[in-house]
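Letter by letter, the chains look like this.
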Protein chains: 2
Amino acid sequence: MSATIATVGERALIARLHRRVPPPPEHVRLGIGDDAALIAPATGRQMVVTTDVLVEDIHFRRHRTPCDAIGWKALAVNLSDLASMGADPTGSLLSLVLPDDLTLDAFDQLIDGYLALARATSTPLIGGNISRSPGPLVVDVTAIGEVLGRRALRRVGARPGDALYVTGQLGAAAAGLALLEQGAARETLDADARACIERHERPEPRLKLGRIASRTGTASAAMDLSDGLADAARQLAEAAGLGVIIEAAALPCHPGAAALAAARGESAAAFALSAAEDYELAFVVPGRRTYRFEAAARRDRNVPVTRVGRFTAEPGARVEWPDGSITELPRGFAHF
Amino acid sequence: MSATIATVGERALIARLHRRVPPPPEHVRLGIGDDAALIAPATGRQMVVTTDVLVEDIHFRRHRTPCDAIGWKALAVNLSDLASMGADPTGSLLSLVLPDDLTLDAFDQLIDGYLALARATSTPLIGGNISRSPGPLVVDVTAIGEVLGRRALRRVGARPGDALYVTGQLGAAAAGLALLEQGAARETLDADARACIERHERPEPRLKLGRIASRTGTASAAMDLSDGLADAARQLAEAAGLGVIIEAAALPCHPGAAALAAARGESAAAFALSAAEDYELAFVVPGRRTYRFEAAARRDRNVPVTRVGRFTAEPGARVEWPDGSITELPRGFAHF
């Protein structure tokens, strides 16, 4: 049994964390240990800042989730927001609110999961804060990035006729969560199902595709799919005062999600539309740029992009099913 | 009885918050409502970022604290970190983790308290996040600022013989907290005691003095007194590999704190040394610059600065009492 964090002080915990953090890169002029951190921005670039939180029993169950995955995901959901703006990460702040019964082993694992993604994405941890919690474990992260001023991918920007693209495969994270809630034993699951749980626990921010879309100037708007594709499509349309229509047959549904939907007697496409937390990206691409966008996107060999719909001057968010019927797009996932 | 936040959705709450936020200034290129916010940094300046949190039942009691004070203080403790670096605030992110029983009235008051300090300090609220809490109210803030690169006031910088200055008066916040914990009825208290409670609930970040010390180049290091003067003096000394000696007779103790200390049979100076959460600043000033520093500091007519000690080549953190005796400086306040 590992000792709990209540047996050491705040400063000992910060020192314990600090020992695990590699030295920051050159643009970080001052990292962990002072009143604030300092970053030297590159000339001509704008700062991109975002914050998102994981709360125990709201976003995860502590005793069902590997602690390294909690740390990983807390950073990932923030980096996904930077990716959706086309930004390069330059640093992050980690604010931990820790219950007294958290073990030091769990603390170390959480930090190591966070730092594993920080390393993989060149996102130095430059500051933060540790407090006690009288209840849930709360992991609140601020991610900081940079983007060329006019190349930031906002939500506003779609025009009638523009295409809607998504990255990766949809529905995996929601399927993984459903499998965990059913109490599925991981070792009894097939590879697709295990991949769904992995996606739920360790989503991969699509920084490379966001950067490609921003730098090539081929996308005119973007957002991430934290609340699902139906929600993102609706928001991208409404931000531009447009409508949107999604082709169900085009949706790239993850095979594990398709299997789960089939077992429930649902269509894979309906599942993929509403499924939240994949942290894939949605891009708006003008018709004359789709060829260049697709060619540029192939530079990320690991993650495909798929054209799944188009924006319309006529308002409304709709989906066209394989039988030719058209229905209203389902409302997105609501966290609250 | 006001409705609770559980009766409205996350997006309705964000819209409710958004309606209270004034339009951002020109340097904020994109504020609330997208995946992330965008700031255009001024040429030659470094970005300063910090995060700090207020947690119910750890840092405040919800049913004893005016909700606007919770919002005010959550921003204030972050701006104090920017002040201690000599930075100008350029924006803030507000991450709220809200229990279902929080009323909409309380939500509005919290936001209004936050925005009142945001307005007073020209710190636009540019983004954030709202989540549910299964337990405590958590208000996590990230403050963003800018400082001329070589003018940032770090903790490291003291040299032997340098003077230690503090801003304002010490002990007020700790005295205010003690009065609240004794169950004192506010309306029965004298003006000094009420001022102590006000300082505990609505600390004032010393942005103006931080900026003066940075711009005039008269201070060589600084930090804020979130954990008290004894702690700050020790940390400024240790960061530079030095010792420090504080003159108890010089300490500017708040009259309300002095009265509380006297009622307990303690010395006002001992109380002021260990008292936390005043959010005043400690500055390190080389001997040849003390005259210029004091002259420049008079530009803030509301807050005095007081020389309270000096750094020594000999290690150790000590206090010299009026009777000439010298003792070790008490260990600082530990939040954890």
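Note that this is a predicted model, so its numbers are computed, not measured.

(A) Local environment of the environment of Asp224(B). Secondary-structure assignment places Asp224(B) in strand β8 (residues 221–224). Since its relative accessible area comes to 2%, Asp224(B) is described here as buried. For the pair Asp224(B) and Tyr279(B), spaced 55 residues apart in sequence, the C-alpha to C-alpha distance is 5.9 Å. With residues up to four places along the chain from it excluded, the contact list for Asp224(B) reads Asp35(A), Ser80(B), Asp81(B), Ser84(B), Ala232(B), Tyr279(B), Glu280(B) and Leu281(B).

(B) Focus on the interface of chain B and chain A. Facing 62 residues of chain B, the contacting portion of chain A comprises 62 residues. Both sides together, the interface formed by chain B and chain A hides about 5000 Å², and carbon and sulfur atoms give 60% of it. Applying the counting rule to chain B against chain A returns eight salt bridges. In this structure, the connection of chain B to chain A is made through 23 residue pairs in polar contact (both at pLDDT 80 or more). At ten residues, the largest contribution of residues to the side of chain B that touches chain A is made by strand β3 (residues 45–55) of chain B. Broken down by class, the residue content of the side of chain B that touches chain A amounts to 29 nonpolar, 16 polar and 17 charged.

(C) Quick look at the environment of Asp35(B). Checked against the element boundaries, Asp35(B) lands in the loop between β1 (28–30) and β2 (37–39). When the C-alpha positions of Asp35(B) and Asp57(B) are compared, they lie 31 Å apart, and in sequence the two are 22 residues distant. Engagement of the side chain of Asp35(B) in a polar contact is seen with the side chain of Ser84(A), the distance being 3.1 Å.

(D) Main features of the pairing of strand β12 (residues 316–320) of chain A. All names here are of chain A. Both strand β9 (residues 243–247) and β12 contribute to a ladder of five bridges, which runs parallel. Within β12, the residue paired with Glu-247 across the bridge is Glu-320. Here β12 pairs with strand β13 (residues 326–328) via three bridges, running antiparallel. Note that in β13 the partner of Val-319 across the bridge is Thr-327. Counting the residues that bridge the hairpin from β12 to β13 gives five residues, and of these Gly-324 lies at a positive phi of roughly 90°.

(E) Representation of the relation of the copies chain B and chain A in the model. Expressed as a screw operation, the relation of chain B to chain A combines 0.0 Å of axial shift with a rotation of 180°, fitting to an RMSD of 0.0 Å. Each copy turns onto its partner about a two-fold axis. No C-alpha of chain B lies nearer the rotation axis than that of Gly135(B), which sits 2.9 Å from it.

(F) Here's a closer look at the side chain of Asn129(A). Tracing the backbone through its elements, the reader meets Asn129(A) in strand β5 (residues 125–133). If we skip the residues at most four places from it in the chain, Asn129(A) touches Leu94(A), Ser95(A), Leu96(A), Thr51(B), Asp52(B) and Val53(B).

(G) Structural view of the sheet that holds strand β13 (residues 326–328) of chain B. All names here are of chain B. Taken in spatial order, the seven strands of this open sheet run β8-β10-β7-β11-β9-β12-β13, and their pairing is mixed. At either margin of the open sheet sits one strand with a lone partner, and together these are β8 and β13. Along the sheet, successive strands turn relative to each other by an average axial angle of 25°, direction set aside. Lying on the sheet, helix α6 (residues 207–215) is in contact with β7 (163–167), β10 (281–285) and β11 (305–312); it crosses β10 at an angle near 15°.

(H) Structural view of the sheet that holds β13(A). All names here are of chain A. Here we have seven strands laid out as an open sheet, ordered β8-β10-β7-β11-β9-β12-β13, and mixed in their pairing. Only two strands of the sheet have a single neighbouring strand rather than two, namely β8 (221–224) and β13. The mean angle between the axes of side-by-side strands here comes to 25°, regardless of whether they run parallel or antiparallel. Here four bridges tie strand β7 (residues 163–167) to strand β10 (residues 281–285), and the two strands are oriented antiparallel to one another. Note that in β10 the partner of Leu-164 across the bridge is Val-284. Sheet contacts for helix α2 (residues 67–85): β8 and β10; angle to β8, the most-contacted strand, approximately 170°. Docked against the sheet, helix α10 (residues 290–297) engages β7, β10 and β11 (305–312), running at close to 10° with respect to β7.

(I) Highlighting the pattern of salt bridges. Residues and elements named next belong to chain A. Tallied over the entire structure, the rule returns 54 salt bridges over all chains. For Arg-62, the salt bridge is made with Asp-101, and the minimal N-O distance between the two is 3.3 Å. Taken together, the residues span a long stretch of sequence, with Arg-62 in the loop between β3 (45–55) and α2 and Asp-101 in the loop between β4 (88–99) and α3 (104–120) at a distance of 39 residues. Arg-62 gets classed as buried once you look at its relative accessible area, which sits at 11%. It is possible to trace a salt-bridge network through shared partners that takes in Arg-45, Asp-88, Glu-146, Arg-211 and Arg-215.

(J) How the structure looks around the packing of helix α4 (residues 172–181) of chain B against helix α5 (residues 191–201) of chain B. Residue and element names in this part refer to chain B. Where α4 meets α5, the axes come as close as 7 Å, and the angle between the chain directions of the two elements is 105°. Classified by the interaxial angle, the pair formed by α4 and α5 is roughly perpendicular. Mapping the contact onto sequence places Ala-172, Ala-173, Ala-175, Gly-176, Leu-177, Leu-179 and Leu-180 in α4 and Ala-193, Cys-196, Ile-197, Arg-199, His-200 and Glu-201 in α5. Broken down by class, the residue content of the contact of α4 with α5 amounts to nine nonpolar, two polar and two charged.

(K) Expanded view of the nonpolar core. Membership of the largest hydrophobic core comes to 59 residues, with the highest contact counts inside it found for Leu17(A), Leu94(A), Leu96(A), Leu98(A), Phe107(A), Val139(A) and Phe283(A). It is α2(A) that provides the largest number of residues to this core, a total of ten residues. Setting aside anything within four residues of it in sequence, one finds Val139(A) in contact with Asp52(A), Val53(A), Leu54(A), Ile70(A), Ala74(A), Leu94(A), Ser95(A), Leu96(A) and Leu110(A). Counting 58 residues, the second largest nonpolar core, distinct from the first, contains Ala36(A), Val21(B), Met85(B) and Ala222(B).

(L) Structural context of the domain arrangement of chain A. Residue and element names in this part refer to chain A. If you check the domain split of chain A, you get domain 1 (5–151) and domain 2 (163–328). Taking only C-alpha atoms into account, the centre of domain 1 sits 26 Å from that of domain 2. On the side of domain 2, 23 residues touch domain 1, which itself brings 24 residues to the contact. Carbon and sulfur atoms make up 53% of the area that domain 1 and domain 2 hide from each other, which totals about 2000 Å². Taken as a group, Arg-64, Lys-73 and Arg-151 account for 28% of the area that domain 1 buries against domain 2, more than any other trio of residues on that side. Counting across the interface, domain 1 meets domain 2 through four salt bridges. Across the salt bridge formed by Glu-277 and Lys-73, the nearest N and O atoms sit 3.2 Å from each other. When residues of the side of domain 1 that touches domain 2 are traced back to their parent elements, those giving at least two are α2 and β4. It is α2 that provides the largest number of residues to the side of domain 1 that touches domain 2, a total of twelve residues. Residues belonging to the side of domain 1 that touches domain 2 are distributed by class as follows: twelve nonpolar, five polar and seven charged.

(M) Quick look at the pairing of β8(A). All names here are of chain A. Burial along β8 is two-sided: the face carrying Ala-221 and Met-223 and the face carrying Ala-222 and Asp-224 are both buried. Here β8 pairs with β10 via four bridges, running antiparallel. Residue pairing for β10: Met-223 is matched across the bridge by Ala-282.

What counts and how
Residues numbered from 1 in each chain as written. Chains lettered and ligands numbered in written order. Predicted model: local features only at pLDDT ≥ 70, side-chain atom pairs only at ≥ 80, totals over all residues. Heavy atoms only, no water. Helix = DSSP H or I, 4+ residues; strand = E, 2+ residues; numbered from the N terminus. Buried < 20%, exposed > 50% of the residue type's maximum accessible area, 1.4 Å probe, protein only. Contact = heavy atoms within 4.5 Å. Buried area = accessible area lost by both parts, 1.4 Å probe. Salt bridge = Lys/Arg side-chain N within 4 Å of Asp/Glu carboxyl O. Polar contact = N/O pair within 3.5 Å; in protein donor to acceptor, adjacent residues only side chain to side chain. Nonpolar A, V, L, I, M, F, W, Y, C, P; charged D, E, K, R; others polar. Pairing = 2+ DSSP bridges. Least-squares fit on C-alpha atoms with pLDDT ≥ 70 in both. Axes fitted to C-alpha atoms, helices over the stretch in contact; angles between N-to-C directions. Parallel < 35°, antiparallel > 145°, perpendicular 65-115°, else oblique. Core = buried A, V, L, I, M, F, W, Y, C linked by side-chain atoms within 4.5 Å. Domains from an automatic or database assignment.

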